[in-house]
Amino acid sequence: MPKNSNYTDIMEKNHMEIPWHDYVKNDSNVLIAKAGLIEKASVIGRVGLIMLSCGTGAWRVRTSMNRLSKELGVTCTVDVGLMSIEFNCFDGTDCVSQSLSIANTGVNTSKLYRMEQFVDNFPKEEAHLTGEEIHRRLDQIEKIHTLYSPAKLGLASALACCAFTFLLGGGPVEMILAFIAAGVGNVIRTKMIKHHFTLFFNIAVSISAACMTYAICFHLAEIFFHVSALHEAGYICSMLFIIPGFPFITSGIDLAKLDLRSGLERLSYSVIIVLVATMFAWIMALLLHFHPQDFSALNLAVGTKLILRIITSFCGVFGFSIMFNSSVPMAATAACIGAVANTLRLELVDYTSTPPAAAAFAGALTAGLLASIIKRNNGYPRISLTVPSIVIMVPGLYLYRAFYNLGIMSLTEAVSWFSSAIMIIITLPLGLIFARILTDRTFRYCT
């Protein structure tokens, strides 16, 4: 093997690349609207596949493909999964069927924003181009990979998990340790994604690295700064960067629209991530002799706590949004929504005795309504604003404690934590769904 080559560069790929330009003629002057069905289908299918690779749900993928199909004068039927699309295109005479798939799934809100602009502008711009010219534009969009280096993504993860720690009840010591550990864990995770390591291996290594880093920093703090053993509780927060917010939320939206295949596949994918992450976190806790426990009380004044909740909610959502590859303005917009929605949720729980699940519904509904209002002005994809703003509400702490108690056969505690987590997880997408129903007429009907 050459010294500078990567194994993934020379290995035979299990998912073959699609030669999109082979479907069109390079020297053709025929506009796409007058081209053959195969050429039209290649554009429609590629747009759907790029949308799917961004992490958006089946409803948005199908909507985008339908808009292009109507503009090109064909009828399109689509079946969308987590990583594949099967579709048929009819023009009254001929039929083209294609089955397309992606090698891996992920989240890229910047690419999603660019694709939504492409679909919205298609009647004015791309419809007056040839198939070859359209595929060249899609080539440029596909090249939008991560906007940030692994170091910057590690910093974003560190900021998000540090803020998450405070919102869960942690103090300055836990926040600092979680900041360091989450940053290290996500840098390793990002580098492994870049080198195409498989999902299970990626989760296992990054979670283990985050827990190990927390343990090392914690023991150093005990030695040099005489930090109390009570502060070990923050190690749970150091691994919350792995929370699968996008697939969790999009699965709920797809199920609401009866896209059962996509919804169930996305839900299964989310559950796999949670199970593998919590299992390795539990194993590391046993090896490091860590035990899940409550945070020490901070005893903050009401006004101070409110201000700090707004600030940390903003920082947490901003960090998660950057991890989803949002631009800084988009991330800041999502962070403002999250600061309002998450603070409302926490205040409802603390001062009105609202059950956590009901408060989560109110927070998600608020986030969805605010995102819908903002979308009308700046055009950002709604899901790119709502998911980061509510991912901070996903009960990762509850899920970990449930699995830990299950591992030590404390079944009563495990069932209690699982029940609380499941209730919140169900209500979060429900809040967004009802916000969409209230603000989007096309989402209210099943047609």
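What counts and what doesn't
- Residues numbered from 1 in each chain as written.
- Predicted model: local features only at pLDDT ≥ 70, side-chain atom pairs only at ≥ 80, totals over all residues.
- Heavy atoms only, no water.
- Buried < 20%, exposed > 50% of the residue type's maximum accessible area, 1.4 Å probe, protein only.
- Helix = DSSP H or I, 4+ residues; strand = E, 2+ residues; numbered from the N terminus.
- Pairing = 2+ DSSP bridges.
- Salt bridge = Lys/Arg side-chain N within 4 Å of Asp/Glu carboxyl O.
- Axes fitted to C-alpha atoms, helices over the stretch in contact; angles between N-to-C directions.
- Contact = heavy atoms within 4.5 Å.
- Patch = residues over 30% accessible without salt bridge, like charges linked within 9 Å, V, L, I, M, F, W, Y side chains within 5 Å.
- Areas by Shrake-Rupley, 256 points an atom, 1.4 Å probe, with all protein chains shown as cover.
- Core = buried A, V, L, I, M, F, W, Y, C linked by side-chain atoms within 4.5 Å.

Peer 1: What is the right way to read the pairing of strand 3 (residues 95-101) from this model?
Peer 2: In the case of a regular strand, side chains alternate between the two sheet surfaces. Burial of strand 3 is one-sided: the residues Val 96, Gln 98 and Leu 100 facing one way are buried, the residues Cys 95, Ser 97, Ser 99 and Ser 101 facing the other way are not. Across seven bridges, strand 2 (residues 84-90) lies against strand 3 in antiparallel orientation. By the bridge assignment, Asn 88 is partnered in strand 3 with Ser 97. From the end of strand 2 to the start of strand 3, which pair antiparallel, there are four residues, and Gly 92 there has a positive phi angle of about 95°.

Peer 1: Sorry, what's going on with the pattern of salt bridges here?
Peer 2: Opposite charge on two side chains permits them to pair, given that their charged atoms come into close proximity. Tallied over the full model, the rule gives 16 salt bridges. A salt bridge links Arg 46 to Glu 142; its shortest N-O distance comes to 2.7 Å. On the criterion of sequence distance, the pair formed by Arg 46 in helix 2 (residues 37-53) and Glu 142 in helix 5 (residues 131-142) is long-range, its members being 96 residues apart. Taking the relative accessible area as the measure of exposure, Glu 142 reaches 32% and is therefore partly exposed. A salt bridge links Arg 309 to Asp 350; the nearest nitrogen and oxygen atoms lie 2.3 Å apart. Taken together, the residues span a long stretch of sequence, with Arg 309 in helix 11 (residues 302-323) and Asp 350 in helix 12 (residues 328-351) at a distance of 41 residues. Put simply, Asp 79, Glu 86, Arg 261 and Glu 265 are held in one network by salt bridges that share partners.

Peer 1: How should the sheet that holds strand 2 be read in this particular structure?
Peer 2: Where strands meet in a sheet, backbone hydrogen bonds hold them as pairs that are either parallel or antiparallel. The strand order 1-2-3 describes an open sheet built from three strands, whose pairing is antiparallel. The outermost strands of the open sheet, each flanked by one partner alone, are strand 1 (75-80) and strand 3. Shown here is a sheet whose adjacent strand axes are inclined to one another by a mean of 15°, direction ignored. Against the sheet, helix 3 (residues 58-72) engages strand 1 and strand 2, with an angle of about 165° to strand 1.

Peer 1: How should a nonpolar patch on the surface be read in this particular structure?
Peer 2: Among the surface-exposed residues, Met 212, Ile 216, Leu 220, Ile 223, Phe 224 and Phe 225 lie close enough to one another that they form a single nonpolar patch of about 660 Å² accessible area. Here Ile 216 shows up in helix 8 (residues 199-225).

Peer 1: What am I meant to see in the nonpolar core here?
Peer 2: Among soluble globular proteins, nonpolar side chains are generally buried collectively. Counting 122 residues, the largest nonpolar core has Ile 85, Phe 87, Phe 118, Ile 207 and Leu 428 as its most contacted members. The contacts of Phe 87, once residues within four sequence positions are left out, are Ala 41, Gly 45, Met 65, Cys 76, Thr 77, Val 78, Val 96, Ser 97, Gln 98 and Leu 100. Ranked by size, the runner-up nonpolar core spans five residues in total, among them Phe 248, Val 274, Leu 399 and Ala 421.

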